[in-house]
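Residue strings, one per chain:
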Amino acid sequence: MVRQTSQRKVAVALTYATQFVKILSALLYTPIMMRLLGQSEYGTYQLVNSVVSYLGLFSLGFASSYTRFYMRYAVGDDSESIAKLNGMFLLIFTVMAMMAGICGCFMICNIHGLLGSGLTDEEYGIATVLMVFMVFNLVLSFFSSIFDCIITAHEQFILQRVLSFMQTMFNPLITLPLLFIGTGSVGMVAVSTGLSLAKFIVTVSFCFKELQVKFSINRLQISLLKEIWNFTFFIFLNQIIDQITWNLDKFLLGRMRGTIAVAIYGVAGQLNNMYLEFSGAVSGPFAPQINRIVAKNDDDKELSNLFIKVGRIQALLLFLIISGYIFFGKAFIILWGGKEYEKSYYIGLLLMIPVTVALIQNLGIEIQRAKNKHKIRSIVYAAISVGNILISIPLIKVYGVIGAAAGTAISFIPGSIIFMNIYYYHVLHLDIPEFWKQISRIILAVVPALILGTISWKFLHIEKWMELISMIFIYSFVYCICAYLWGMNPEEKQQVRKIFEKIDIKRR
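The present account deals with the structure reproduced in this document. Quick caveat, the model's predicted, so the values are computed rather than measured.

## As for helix 2 (residues 66-75)
Because each turn of an α-helix spans 3.6 residues, side chains separated by three or four positions end up pointing in the same direction.
For step 1, the next point in the chain: Every buried residue of helix 2 is listed here: Tyr66, Thr67, Phe69, Tyr70, Met71 and Tyr73.
For step 2, the next point in the chain: Count one or two residues on from helix 2 and you reach Asp77, which has phi positive near 55°.

## What to know about the pattern of salt bridges
For step 1, the next point in the chain: For the coordinates displayed, the defined rule picks out eight salt bridges.
For step 2, the next point in the chain: Among the ionic pairs, Lys199 bridges to Asp148, the shortest N-O distance being 3.8 Å. One end of the pair, Lys199, is in helix 7 (residues 184-209); the other, Asp148, is in helix 5 (residues 121-153), with 51 residues separating them in the sequence.
For step 3, the next point in the chain: In this structure, Glu492 and Arg312 form a salt bridge, with 2.7 Å as the shortest nitrogen-oxygen distance. Separated by 180 residues along the polypeptide, Glu492 in helix 19 (residues 490-507) and Arg312 in helix 11 (residues 300-337) bring together distant segments of the chain. For the residue pair Glu492 and Arg312, the accessibility class agrees, reading buried in each case.

## Things to note about the side chain of Thr44
For step 1, the next point in the chain: Here Thr44 lies in helix 1 (residues 4-52).
For step 2, the next point in the chain: Sequence-distant contacts of Thr44, defined by excluding residues within four places in its chain, comprise Leu119, Glu123, Ala127 and Thr259.

## Points about the nonpolar core
For step 1, the next point in the chain: Membership of the largest hydrophobic core comes to 144 residues, with the highest contact counts inside it found for Tyr66, Leu85 and Leu115.
For step 2, the next point in the chain: Dropping the residues within four chain positions of it, Tyr66 is found in contact with Leu85, Asn86, Phe89, Ile146, Cys149, Ile150 and Ala153.

## Focus on the packing of helix 6 (residues 157-180) against helix 7
For step 1, the next point in the chain: Between helix 6 and helix 7, the shortest axis-to-axis distance is 9 Å and the interhelical angle comes to 155°. Judged on the interaxial angle alone, helix 7 and helix 6 are roughly antiparallel. Both helix 6 and helix 7 take part in a crossing whose hand is right-handed. Facing Leu159, Leu163, Gln167, Phe170, Asn171, Ile174, Thr175, Leu178 and Leu179 of helix 6, the residues of helix 7 in contact are Gly184, Gly187, Met188, Val191, Ser192, Leu195, Ser196, Lys199, Val202, Thr203 and Phe206.

Calculation notes
Each chain has its residues counted from 1, following the order in which its sequence is written. With the structure being a predicted model, the display of local features is reserved for residues of pLDDT at least 70 and the display and counting of side-chain atom pairs for 80 or more, all residues being used for whole-chain, interface and lining totals. The basis for every side-chain value is the complete set of non-hydrogen atoms in the structure, without hydrogens or water. Exposure is judged per residue with a 1.4 Å probe applied to protein chains only, and the accessible area is read against the type maximum: over 50% gives exposed, under 20% gives buried, and values in between give partly exposed. Only DSSP runs of H or I reaching four residues or more are called helices, and only runs of E reaching two or more are called strands; each is numbered from the N terminus. A pairing counts as a salt bridge when a side-chain nitrogen of Lys or Arg comes within 4 Å of a carboxyl oxygen of Asp or Glu. Any two residues having at least one pair of non-hydrogen atoms within 4.5 Å are treated as being in contact. Take the buried Ala, Val, Leu, Ile, Met, Phe, Trp, Tyr and Cys residues and link them wherever side-chain atoms come within 4.5 Å; each set so joined is a nonpolar core. Between N-to-C directions, angles cover 0 to 180 degrees, with each direction set by a line fitted to C-alpha atoms, over the stretch in contact for helices. Should an angle lie under 35 degrees it is considered roughly parallel, over 145 roughly antiparallel, and from 65 to 115 roughly perpendicular; all remaining angles are considered oblique. Note: crossing handedness is left-handed where the near helix turns anticlockwise from the far helix by less than a right angle, and right-handed where it turns clockwise.

Set out below in structure tokens:
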């Protein structure tokens, strides 16, 4: 098998390849899909998806805790305890899948009361079929979770990223012909469910054949279960908060403003989701390494250096994306989705700008969990979610979709930016002053690119795809040159040179 360092590097590369396919899909497939469905059906799809996603809370955060407890036994090479841990998690996720399925059936039977009176009879009919597929898909994800956790703990990231890449690539390729023959959103979710089932089969097969995973359900340790739950509860609380943060707005809009408002918000939400995933591409593969460091010696300096290293990489990438969106996002959305989706640009700004700070620091989440110091963050974010509800409802009444996004943005800033930096510094002992010193150097380094983008945004009126693509390419090129010359440290420059050297060798 590929060694762990290479696994991480290849995994990050594959994740960004997946993101590239998602962007390509967004450019080519999504606008066609939205026009074929129409705003009404697309809004119905987004509304049902946001409601069903709440069933994911039945995972109770257990998936995020597996790696921590696995590393405890892996460091001591205790295979028997690992088998018991696997058996316990398998039983837990089986019970949770059953609970989610039962609640999903109840939601399907009471769909009119759940979605409110803002839908037509035809939309209710479509929503019912969509919910059946989505509930099945979510229940399947519970069974898949334990095997995904095992693969992650073994640091076999390549398989996961390859499967994710293929799922992302084949989804639009299979769905588009079905949309043209009139299957609508039902065809979309049917394809998604089929691909999820195929991914599940491959994942399970890999665990048993390649990793030789064993499960033991004899003599379950109640004390261990209690310890896992005590650790997991606050991760579960955080999942509730995430659901409220990213799905509440669509639910409220569906009840208060109708499916068209959900569709407009959904476009911005889709772009925001891709933005969130870009950050996780870098930080995700480091979770096992962080848990290993904490399990062995809990070296704060080593963790702090890793936090800064990964944060710099994330900043270099995310600053390019968010600045590009600020300068060219409005033209892109109008060309891509149509003039009727223009408000989606402003919603995207309100969602993406405040979350950027949290994204370049999201390795801190894994450090908190590895140290079992994630409770305070969950409590603070719970307060943020309550504030989000209290602020968003009156703002939606007055400002509609813009008000929904503004409520999320306003509630997000105090806790996720101000409080968490204080917490990282004083409780986790991460070198936050040095972190921001490094980030400020990156910002200063790309000022020439930001000036170019500002001039383009103020004086150019982009109305054609070729104009937009040309300006994005020019801006990205200038940004990358500035980042390389003045923003990157010697180690990062060396990594970039190695990539180009490998490309040159392959050409020869």
